[in-house]
Amino acid sequence: MASPEKISFPSLRKPAGALPADAPHWNPQRPSAMPHHRYRPVYERVEVPLADRSWPARKLDRAPLWVPVDLRDGNQALAEPMDTERKRRMFDLLVTMGFKEIEVGYPSASQTDFDFVRHLATSDALPDDVTISVFTPARGDLIDRTIASIEGLPRALVHLYTATAPTWREVVLRRSRAEVHGLIIEAATHLLRRADGHRGDVRFEFSPEVFNLTEPDFVLEVCDGVTELWEASPDRPVVHNLPATVEIATPNVYADQIEYMDRHLARRDSVILSVHPHNDRGTGVACAELAVLAGAQRVEGCLFGNGERTGNVDLAALALNLYVQGVNPMIDFSDIDTIREVVEYCNRLPVHIRHPYVGDLVHTAFSGTHQDAIAKGLARHAEQAAELGVPADQAPWNVPYLPIDPGDIGRTYEEVIRINSQSGKGGIAHLLHTHHGLDLPQKLRVDFSRAVQRVTDTSGRELTHQELWELFRSTYLRHGKSGPVRLLSWSTEASEPGPHRFTCTIEADGAEHEVRGDGNGPLAALTDALKTIGIVVDILDYTEHAVTTGPDSPATAYAECLVDGVVCWGAGWDTSLLTASVDAVMAAVNRARSGLS
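Residues numbered from 1 in each chain as written. Predicted model: local features only at pLDDT ≥ 70, side-chain atom pairs only at ≥ 80, totals over all residues. Heavy atoms only, no water.

Under an unreviewed UniProt entry, the name given to the protein chain is 2-isopropylmalate synthase, and the source organism is Actinocorallia aurantiaca. What UniProt records for the protein chain under Subunit (unreviewed entry) is the sentence "Homodimer." (UniProt positions renumbered as here; feature names shortened; annotations may be inferred.)

Trainee: What's the story with the UniProt feature "binding site: Mg(2+)" (unreviewed entry) in the protein chain in this structure? I'm lost.
Mentor: Per the UniProt entry, the sites bearing "binding site: Mg(2+)" (unreviewed entry) are D73, H276, H278 and N312 in this numbering. For the annotated residues, spread through 240 residues, the largest C-alpha to C-alpha distance comes to 10.7 Å, consistent with a single compact locus. With residues near it in sequence (within four places) discarded, D73 still touches H276, H278, G307, E308 and N312. If you trace the backbone, H278 turns up in the loop between β7 (271-277) and α10 (284-293). (Contact = heavy atoms within 4.5 Å. Helix = DSSP H or I, 4+ residues; strand = E, 2+ residues; numbered from the N terminus.)

Trainee: Would you take a moment to explain the packing of helix α5 (residues 140-149) against helix α7 (residues 177-196) for this structure?
Mentor: For any two helices packed against each other, the geometry comes down to the angle between their axes and how far apart the axes lie. The contact between α5 and α7 brings their axes to 10 Å, and the two run at 30°. Between α5 and α7, the angle falls in the class roughly parallel. The hand of the α5/α7 crossing is right-handed. Between α5 and α7, the residues in contact are G140, I143, D144 and I147 and A187, H190, L191 and R194, respectively. Grouping the constituent residues of the contact of α5 with α7 by class yields four nonpolar, two polar and two charged. (Axes fitted to C-alpha atoms, helices over the stretch in contact; angles between N-to-C directions. Parallel < 35°, antiparallel > 145°, perpendicular 65-115°, else oblique. Left-handed = near helix turned anticlockwise from the far one by under 90°. Nonpolar A, V, L, I, M, F, W, Y, C, P; charged D, E, K, R; others polar.)

Trainee: Would you take a moment to explain the sheet that holds strand β8 (residues 298-301) for this structure?
Mentor: Adjacent strands of a sheet pair through backbone hydrogen bonds, lying either parallel or antiparallel. Taken together, the eight strands give an open sheet; going across it, the order is β1-β8-β7-β6-β5-β4-β3-β2, and neighbouring strands pair in parallel fashion. Only two strands of the sheet have a single partner each, and these edge strands are β1 (65-68) and β2 (101-105). Neighbour-to-neighbour, the strand axes of the sheet open up by a mean angle of 30°, direction not taken into account. Pairing of β2 with strand β3 (residues 131-137) involves four bridges; the strand directions are parallel. (Pairing = 2+ DSSP bridges.)

Trainee: Would you mind going over helix α15 (residues 442-459) with me for this structure?
Mentor: The periodicity of an α-helix, 3.6 residues per turn, causes residues three or four positions apart to be oriented the same way. Helix length check: α15, at 18 residues, gives a terminal C-alpha distance of 26 Å against a target of 26 Å (1.5 Å per residue), a fit within 8%. Of the positions making up α15, those classed as buried are L444, D447, F448, S449, A451, V452 and T456. Residues of α15 that are buried in the fold lie against α14 (425-436), α16 (465-475), β13 (555-563), β14 (566-574) and α18 (577-593). Of the residues trailing α15, G460 is marked for its positive phi of about 75°. (Expected span 1.5 Å × (residues − 1). Buried < 20%, exposed > 50% of the residue type's maximum accessible area, 1.4 Å probe, protein only.)

Trainee: I'm lost on the UniProt feature "domain: Pyruvate carboxyltransferase" (unreviewed entry) in the protein chain in this one. Help?
Mentor: In this numbering, the UniProt entry assigns the feature "domain: Pyruvate carboxyltransferase" (unreviewed entry) to residues 64-337. Along residues 64-337 the backbone is 43% helical and 19% strand, and the end-to-end C-alpha distance reaches 24 Å.

Trainee: Can you walk me through α18 in this structure?
Mentor: In this model α18 runs 25 Å from its N-terminal to its C-terminal C-alpha over 17 residues, within 8% of the 24 Å that 1.5 Å per residue would give. Most of α18 is tucked away, with 14 of its 17 residues classed as buried. Of the residues one or two after α18, G595 is the one with positive phi, at around 75°.

This is how it looks when you write it as structure tokens:
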């Protein structure tokens, strides 16, 4: 193969700055020319007052209240927002999975959203234990439109929001801190007044948008004022949702901010502390988990992380992260492929093949070392289940590289191990055993893996388990019946006590020979017969087994032979174990004499 030529990338600039004075000798990385000085660290942008944090010592031992916002926040991020039919399909999925509070739309933003809320209000779609949430900016006419949309609903949560961070106040709203505070109180008052005339049960939620970049004392001032205005009480709490609208720091900073609010919010027993992390830095899941440790009781997000820019926090990942720690997620993910199918249909966006838990390849191993560990782990899991006397799907799970049993979320083991040029003997043997009943001896695994490697290196693609079986058949099994040396007919007999006799007609190098041999077993007698025509065979290793259970099960035999000084493996497959063993030896003979060792 010709060596590839060096490729240049003229649009990139190789880092070439001076090595930092304190750089250790083992780290030769040089400063990039990218203008990092344009950006300020979070500690220069917002005060993080918490110093005596306690969240790192806590443990996640229960699920928060999950609130999917796929139908609102996720929907507004779609190039083609959902129509009513797609919204209804998503809503029905969320209800079936067990969500009890669902944000269903932004009624003042589009007629489709308004109509969908009206559909829920005038149909039997809403179960008795599910509350819908609707989203509105802090503006009187939009609040009116939102209240109109929920007329007739027995229960609703109205979610009021306003951006509070300095950059948003100055650039977007063009209002002072005091003016923004006044705007929020005015809108909260208007909402309270309008809700008083609603015949159903209406509760309230407030989001200081861009909380994570807002001064902590301002957030407290605003949230406490809203709590008092809305007359929150333990039996009628308000929701204060503190979003990381744009991720700008490591997750521990967000946790510090949440714990500060958890400690200092007024009427804390009358407040449901909620978070809504986005994923701009790729750490939305970590932000949510640490926020729950820090005191958050409610998490807003989307299935599989849809949303503006890099998306909202992924509720599926969060819930299943708890599940693999032995915590009930309170949501059903037992058929994750159906969930993905609905989400992809409604969003018209694909879920990435490496997406946690649901991606096509997340339970798949191509690497040989991973495959070997998984294969051994699955075998040990089956043994432990038998020892405990329970079904395998009820036994404690402890399989290397698989944090979750794929079967628990409706996946199969079909795709756990897949074979390409990176694969090893353990994975190859596992697939042949799982799908075709073969139990290859250890040394044969090594031998066959070389044949697989040659094929995958040449083709550059993976092999299915059926293709693997065909390769095994062509590499070993077929040589028992064809090649330079063929048994045209044969029979064995034994006297008790006494040696075995092997009588046969052999075709070798185009000539037929009537020969016989004696030995302490059929295979020893076969090698003695071969010696009479100048083929010297010594059987170094031999293994046999039934492929399945029952009297009609095929048998497989594996023979490692030294043939005229050449070591070679052969295999045989037949309903007769004796025939399979004879074919295995003849396969080794033919492979050796054909130069296939």
